[in-house]
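# Examining the three-dimensional arrangement
Listed below are the residues making up each chain.
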Amino acid sequence: MADELVNVTIDGAPVSVPKGTTIIEAAKQAGILVPHYCYHPALPVSPALCRMCLVEVEKAPKLMPACVTQVAEGQVVHVGSDKALKAREGVLELLLINHPLDCPICDQAGECELQDYVFQEGRAGTRYSEYAKRYSPVEDFGPDVLYVPNRCILCTRCVRFMEDVAEEPVLNVSERGDRAYIGISPEQRLDHPWSGNVVDLCPVGSLISKDFLHKARAWDLDKTASVCPGCSQGCNITIDTRDDVVVRIRPRPNLEVNRHFICDYGRMNYRWLNRGDRVEAPLVKDGGRHLASDWDTALDRLGQLVRGLSGSAVILASGRASTESLGLVKLMLGRLSVTAAVQVPVGDEAPLVGVPNLALRPERAPNLTGAELLGYRTDWAEALRQVTSAGLVIVLDADLSEADQGLIAAGPGVVVVLGTVWADGLRSAELVLPVTNMAEENGTYVNRDRRIQRFNQAKSQPGMARPAWWIAGEVLAGPGPSASAPSTAAEAFELLGDKWPLFAGLTYSEMGYTGRALEAGGEGVGESQRVDLGVM
Amino acid sequence: MGYPHPSHPKENPVLSKHFGDPEARSFDGWVKRGGYEALRKVLRMSPEAVVEEIKTSGLRGRGGAGFPTGLKWSLMPKADGRPHYLVCNADESEPGTFKDREIMRWTPHQLLEGCAIAAYAIGAERCYIYIRGEFTEPLKIMQQAIDEATAKGAVGANVFGSGKRIEMIIHRGAGAYICGEETAMLNSIEGKRGNPRIKPPYPAQAGVFGMPTTINNVETLAAVPHIIMRGGEWYKGLALGNPKSTGTKLISVCGHIQRPGNYEVTMGTPMKELIYEMCGGMRPGRTLKAVIPGGSSVPIMSAAEAEDCLLDYEGVVAKGSMLGSAGMIVMDDTTDMVYQIWRLARFYAHESCAQCTQCREGTAWSVRILERILTGKGKQEHFQLLLDLSDNMTGKTICVLSDSCAAPIVSGIQKFRHEFEAYIQGAREPAMAGV
Amino acid sequence: MSLTAGQGGSGAGSSGTPRGFAEHGSAHGGHGTETAPYERLFRGERLAQLEQLFTLYPTKQACLLPALWMIQEARGWISEPAIGEVAEVLGLTPAYVKGVVTFYTMYHTHPVGRHFIQVCTTTPCNICGAEDVVRALLEQTGCRELGATSPDGRFTVIEVECLGACGFATPILVDDDFIENVTPEKIAGILQRYE
Ligand SMILES: Cc1cc2nc3c(=O)[nH]c(=O)nc-3n(C[C@H](O)[C@H](O)[C@H](O)COP(=O)(O)O)c2cc1C
Ligand code: SF4
Ligand code: SF4
Ligand code: SF4
Ligand code: FES
């Protein structure tokens, strides 16, 4: 049934789509965008109320809403016919009569579906100039959301998201006729852990983020495809930067992982990417102090250390470290008996009820599964115990408490920090090497469903900071002008295949922008323990 | 009898025969007048046979759309194991229409009997009677009738000992014209805003609570017992105009008329006879200017069109309007057409459910343009603007409320343009101040 | 026994802030405020009555309109805490209930006068003099404008759309009393009946 194909012609282009497909989706496959407002692929069942997507269907007596009309065999659809264009121009004219047209101060400008469609298909002037526009003051809906009623086109996407996806109906359509607006009860707030999505869903600048308020103009933003570093769900995101500063995180659709959504925790979890107090040069211990040095010096020193040691080593890694960094750092210590641990902060779980298998996960470590597949363990306490007997301790950007720092500093082993920020308690470290954070490098994370997904560099690295895999790769390649060190994350990834066959043969280009599910197997599997939620 | 005026000889009182007779209100009174015989008869028939009889009669929906009732019933799925529902549309809010109110006020059991027969025919055990909230009197009378009929076993868990369960439940509206639209009504019963739904799915597939549902108007259902008793052929024979319009029709006549009220005529009766003979014509010294024949949602007819019109579905269409709910608003030469069209537009703007862009914004803008004209600030461009806007509001929305707002505006400009011109050119004093 | 809510009793409420006919704009998002602490309605007999209503519909949500009628009949209007209570007993959210309440114009979201008068002014009644009836009512009740309550708290007058009695122009609703054929001359006599 589902595979039965229906043949239709849309603006002259023939397409075959499964039975039951709506005209709007069929048109997409023919490369034609039918303008629309209330329809959103992320929301169940379009209410077909904005009437923007009206198209001409031959033999139908009226224009049909493309968002709910299903294709029929032999159907001929005109999206761009005079009749359809006129109807859409009519809708746009009506949406604009009460619209404030405050684009110059509206955060949505530049990514506004009203602006865009009016530009494409709207009338040149208004015929409403004789009347005052409807006016209602801005309302505070929740911790991060403001409602600007004047800009609202009543598409009800926000109401339906809360009702059908979050399943917590705290928004409503109030009143009727042209007095209608989006309302909230005074007893309630828009504070559901996923409520920020209404800002993305809103096609205009009616629901806006306080966090992003007047921060940047859409056209000044650089957008980078990435993966949320918030938790082990691995939601796909876009990192928006302005002048090399991360200003906003937005969901990037991935039907396998997060559909069109991200949680508010993930959305707000970006300030650390902009931290200014960064280690910017390799620091090499010289007597009682550290000297800033160049990379050659630092890498030589690290190489000597690694090669000169025998016995055991401990890696204390951040759960936000890339697969490439985790893998190569471990490979770098290949000769030693290594205890590798990944740090997994734990928080509350917050599911998005309407979407199966989507939740803010308690494990706030985006690469927990990647680390496990590479043989990292989650028993942090055990790893700290090993520190007391290890010859080498590598801290890979882990976030250490003062007590832990003290414990490491007091241990017998040499301490090497690959870090983004200076940890005072590790003053005694032999080397403190500046590494990039996830927004400053390319890499991959493996999410809890063993989906490996790429993230891309969104801002430049501070000073001389380098990805940790680069440091490890240089050490592995040995001193001198060697050609075998990886120079890109993709090359670093390819090196993992030898030791971990699970990754063998897989390439960055195959992963694309939405990732690939890994097959079963892998080094860590079987020895991995789930995180004990009570402990940390 | 007749109410508030005695029946006129040219009327054909079938449904309205007992209007004005308080004794017909009680269960016993109704039984004495032949009531509930049809229901007893139906219980001995198969549901299919009942549907066939209604099909034969040619009965068409009296709520406005004129959809064949037998056909509507036959669209309900058969023995699908799901609960079926009947919804009786007693929301009567279409300006000019007040016939369902009289049916409920005088002959509540006529309606209950019709509901029970319809429920039997479509396999429904429950019938929700949706009565508009303002109808305090019909609400009370209908509830009394249900209580009485339940006590007498005519409705309830075991209808006349047949083992059939047919329950009647009144659902009170709360002030929303749009809930008369059948799918909005379903939402309203479900405890939602009265937003019309997109179709498909049609109510027969997924109606109230997602179950197969038939919605019928009060007058449609009230006609059913008579058809069962006297036969579909009899009803079909009541057609003076077109064979596709059969039976009798209650016409609510209001406005500038000597004897306003409900008149039950055979389909195809000339409108002229209704206005000038049955209703007693215009007030002294006045002449007919316009008629809105089908409740306010249909195009306005000029006096000439009205006087030459046959009262049935086809007859009114032939004169450029629609029979609709047959609420006839009669306007004489004192009527300010622009002002009254503005008042109608205001009605639709007030009642728009706010879903569709064209309706939500278009109705309100229409009001503003008409206000502009009425305050003496009209311009020639306003004609085109009103016509463009009306075109934009027609045939493009979820339900036809939007079209209904456009209909009187477009026909008003067509037929009474000089009245608009008089305001625009300053030949007429502004009817409103300011804005 | 009548199971259907919303048919008896009149809308007696305390005097207070004006309630606008929507066209004349009640303030955006506006809702009346209650001074005394909220006393739950659905207890004892009323709760039992509501539970009876549950048996008439396959969902609890379907009892929303009847439950709101019960509130309005008992309290005269539907306050925010009342919305909260209804939401709670029906398993809905207050925001959802509020969206429904504001859709239907017969539910009062502000206190109204002891007697609530609704006058039809739609076209059929309009051409028969309904606006004169409104004017006379405003004058004789002392309500200064539509939607406002008279200083003595006795009356609130609003215009409404078609009451479905166009042949009996002009119909008015005083609380639950539907009065037909009202003319300006008859108003004094009618008002007398409502203290
Ligand atoms: C805006 C609008 C308002 C309506 N109001 C009513 C009404 O008050 N009463 C009614 O019976 N039908 C009304 N209808 C028609 C109903 O949708 C529906 O067609 C009717 O109840 C079906 O019953 P029938 O087939 O017996 O006529 C309305 C339709 C629309 C679009
Ligand atoms: S606030 Fe935005 S999403 Fe919500 S109804 Fe208005 S325009 Fe649509
Ligand atoms: S659920 Fe996890 S991965 Fe997704 S946005 Fe939230 S924190 Fe990020
Ligand atoms: S046409 Fe008007 S009343 Fe009908 S669904 Fe659309 S907005 Fe609502
Ligand atoms: S117009 Fe007044 S009751 Fe219908």
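Nothing here was measured: the structure is a model prediction, and the numbers come from that model.

### Observations regarding the overall build of chain B
The number of helices and strands found in chain B is 17 helices and 11 strands. Here the C-alpha radius of gyration of chain B, 22 Å, is about what a compact globule of 435 residues would show, namely 22 Å. For chain B, the spread of C-alpha atoms along the principal axes amounts to about 70 × 45 × 35 Å. Residues counted as buried form 67% of the 435 residues belonging to chain B. Considering only contacts within chain B whose residues lie at least 6 apart along the sequence, 70% involve residues at least 24 apart. As displayed, chain B has an accessible area near 13500 Å², and 53% of this comes from carbon and sulfur atoms. Positive and negative side-chain charges in chain B, numbering 49 and 47 respectively, have mean positions lying 2 Å apart.

### Re the interface of chain C and chain B
With 53 residues of chain C at the interface, the matching set in chain B holds 63 residues. Carbon and sulfur atoms supply 56% of the area buried between chain C and chain B, which totals about 4500 Å² over both sides. Along the contact surface separating chain C from chain B lie five salt bridges. Of the charged contacts in the structure, one is a salt bridge between Arg172 of chain B and Glu73 of chain C, with a shortest N-O distance of 3.7 Å. Seen at the junction of chain C and chain B, the total is 24 residue pairs in polar contact (both at pLDDT 80 or more). If you list the elements that add at least two residues to the side of chain C that touches chain B, you get α2 (64–75), α4 (94–101), α5 (123–126) and β2 (155–160) of chain C. Sort the elements by how many residues they give to the side of chain C that touches chain B and α2 of chain C lands first, with five residues.

### Side note on the site of ligand 1
All names here are of chain B. Every one of the 18 residues lining ligand 1 counts as a neighbour, but Gly63, Lys72, Asn89, Asn217 and Thr220 are closest to it. At 3.4 Å from an oxygen atom of ligand 1 is found a main-chain nitrogen or oxygen belonging to Glu92. In this structure, Ser93 approaches ligand 1 through a main-chain N or O atom, which is 3.5 Å from an oxygen atom. The element best represented in the shell around ligand 1 is strand β4 (residues 213–217), accounting for three residues. For the shell around ligand 1, a count of residues per class yields four nonpolar, eight polar and six charged.

### Remarks on the sheet that holds strand β12 (residues 236–242) of chain A
Residue and element names in this part refer to chain A. Spatially, β11-β12-β13 is the arrangement adopted by the three strands of the open sheet, whose pairing is antiparallel. Single-partner strands in this sheet number two, and they are β11 (222–227) and β13 (245–251). The sheet shows a mean angle of 30° between the axes of neighbouring strands, taken without regard to direction. Bridging between β11 and β12 involves six bridges; their strand directions are antiparallel. Residue pairing across strands places Lys223 opposite Asp240, the latter belonging to β12.

### Overview of the environment of Ala87 of chain C
Residues and elements named next belong to chain C. Structurally, Ala87 can be placed in helix α3 (residues 80–90). Measuring from C-alpha to C-alpha, the distance between Ala87 and Thr149 comes to 29 Å, with 62 residues separating the pair along the chain. Once you skip the residues sitting within four places of it in the chain, Ala87 turns out to touch Leu92, Thr93, Pro94 and Val97.

### A short note on the sheet that holds strand β25 (residues 516–517) of chain A
Residue and element names in this part refer to chain A. Spatially, the three strands line up as an open sheet ordered β23-β24-β25, and their pairing is antiparallel. In this open sheet, the two edge strands, each paired with only one partner strand, are β23 (443–446) and β25. For β23 and strand β24 (residues 451–455), the ladder comprises four bridges, and the chain directions are antiparallel. Bridging from a neighbouring strand, Val446 pairs with Ile452 of β24.

### Looking at the nonpolar core
Soluble globular proteins tend to bury their nonpolar side chains together. Counting residues in each nonpolar core, the largest one holds 179 residues, and the members touching the most others are Tyr37, Leu114, Phe161, Leu171, Ile182 and Phe261 of chain A together with Tyr104 of chain C. Per-element tally for this core: the top contributor is helix α14 (residues 337–351) of chain B, with 10 residues. Core analysis: the second largest hydrophobic core is formed by 62 residues, Ala204, Val218, Ala222 and Ile227 of chain B among them.

### Regarding the site of ligand 2
Close to ligand 2 lie 13 residues, the nearest being Cys152, Cys155, Thr156, Cys158 and Cys202 of chain A. Considering only residue class, the shell around ligand 2 consists of 11 nonpolar, two polar and no charged.

### Concerning the side chain of Asp91 of chain B
Inspection of the secondary structure puts Asp91 of chain B in the loop between β1 (84–90) and α5 (99–106). Notably, Asp91 of chain B is buried but unbridged: the nearest opposite-charge side chain belongs to Arg132 of chain B, and the N-O separation is 5.3 Å.

### Remarks on the interface of chain B and chain A
On the chain A side, the residues contacting the 33 residues of chain B number 34 residues. With both sides pooled, the region where chain B packs onto chain A buries about 2800 Å², and carbon together with sulfur makes up 50% of that total. For Arg176 of chain A, the salt bridge is made with Glu351 of chain B, and the minimal N-O distance between the two is 2.9 Å. Joining chain B to chain A, the criterion identifies 20 residue pairs in polar contact (both at pLDDT 80 or more). Among the secondary structure elements, those contributing two or more residues to the side of chain B that touches chain A are α14, α15 (357–374) and α16 (381–393) of chain B. When residues of the side of chain B that touches chain A are assigned to their parent elements, the largest contribution, 10 residues, is made by α15 of chain B. For the side of chain B that touches chain A, the per-class residue count stands at 12 nonpolar, 11 polar and 10 charged.

### Side note on the state of the cysteines
Structurally, a disulfide amounts to a covalent bond that connects the sulfur atoms of two cysteines. Residue and element names in this part refer to chain C. Under the defined criterion, the tally for this structure stands at zero disulfides over all chains. Unpaired in this structure, Cys128 has its nearest cysteine sulfur neighbour in Cys125, at a distance of 6.6 Å. Using a relative accessible area of 33% as the deciding quantity, one classes Cys128 as partly exposed.

### A short note on the domain arrangement of chain B
Residue and element names in this part refer to chain B. Per the domain assignment, the segments of chain B are domain 1 (22–237), domain 2 (248–330) and domain 3 (337–424). Each of domain 1 and domain 2 has a C-alpha centre, and these two points are 27 Å apart. Taken together, the contact between domain 1 and domain 2 spans 17 residues of the former and 20 residues of the latter. Both sides together, the interface formed by domain 1 and domain 2 hides about 1300 Å², and carbon and sulfur atoms give 50% of it. Counting the contacts that link domain 1 with domain 2 gives two salt bridges.

### Looking at the packing of aromatic side chains
Applying the stated criterion across every chain yields a total of 27 aromatic pairs over all chains. Consider the rings of Phe103 of chain C and Tyr104 of chain C, whose centres lie 5.0 Å apart with planes at 70°: the pair is edge-to-face. One exposure class covers both Phe103 of chain C and Tyr104 of chain C, and it is buried. Put simply, the rings of Tyr3, Phe98 and Trp106 of chain B together with Phe168 of chain C touch in pairs and so form one group of aromatic residues. The ring centre of Phe103 of chain C lies 5.6 Å from the NZ or CZ of Arg176 of chain A, which sits over that ring.

### Points about the packing of helix α6 (residues 108–122) of chain B against helix α9 (residues 218–230) of chain B
For any two helices packed against each other, one specifies the crossing angle of their axes together with the interaxial distance. Residue and element names in this part refer to chain B. It is the contact of α6 with α9, at a shortest axis distance of 7 Å, that shows an interaxial angle of 80°. Considering the angle they form, α6 stands roughly perpendicular to α9. Counting all contacts with α6, which are made through Gln110, Leu111, Glu113, Gly114, Cys115, Ile117 and Ala118, the residues of α9 involved are Val218, Leu221, Ala222, Val224, Pro225, His226 and Ile228. Class assignment of the residues belonging to the contact of α6 with α9 gives a composition of 10 nonpolar, three polar and one charged.

### A few points about the environment of His36 of chain A
Residues and elements named next belong to chain A. Tracing the backbone through its elements, the reader meets His36 in the loop between α1 (23–29) and β3 (54–57). Once the C-alpha coordinates of His36 and Ile24 are considered, the two residues, 12 residues apart in sequence, prove to be 8.9 Å apart. Look past the residues within four positions of His36 in its chain and what remains in contact with it is Ile24, Met52, Cys53, Glu113, Tyr117 and Arg157. A distance of 2.8 Å separates a polar side-chain atom of His36 from the backbone oxygen of Val34.

Rules behind the numbers
- Residues numbered from 1 in each chain as written.
- Chains lettered and ligands numbered in written order.
- Predicted model: local features only at pLDDT ≥ 70, side-chain atom pairs only at ≥ 80, totals over all residues.
- Heavy atoms only, no water.
- Helix = DSSP H or I, 4+ residues; strand = E, 2+ residues; numbered from the N terminus.
- Rg over C-alpha atoms; globule rule 2.2 N^0.38 Å.
- Buried < 20%, exposed > 50% of the residue type's maximum accessible area, 1.4 Å probe, protein only.
- Contact = heavy atoms within 4.5 Å.
- Areas by Shrake-Rupley, 256 points an atom, 1.4 Å probe, with all protein chains shown as cover.
- Lys, Arg positive; Asp, Glu negative; His and termini not counted.
- Charge placed at Lys NZ, Arg CZ, Asp CG, Glu CD.
- Buried area = accessible area lost by both parts, 1.4 Å probe.
- Salt bridge = Lys/Arg side-chain N within 4 Å of Asp/Glu carboxyl O.
- Polar contact = N/O pair within 3.5 Å; in protein donor to acceptor, adjacent residues only side chain to side chain.
- Near = heavy atom within 4 Å.
- Nonpolar A, V, L, I, M, F, W, Y, C, P; charged D, E, K, R; others polar.
- Pairing = 2+ DSSP bridges.
- Axes fitted to C-alpha atoms, helices over the stretch in contact; angles between N-to-C directions.
- Core = buried A, V, L, I, M, F, W, Y, C linked by side-chain atoms within 4.5 Å.
- Disulfide = S-S within 2.5 Å.
- Domains from an automatic or database assignment.
- Phe/Tyr/Trp six-rings, centres within 6.5 Å; stacked < 30°, edge-to-face > 60°.
- Lys NZ or Arg CZ within 6 Å of the ring centre and 35° of its normal.
- Parallel < 35°, antiparallel > 145°, perpendicular 65-115°, else oblique.

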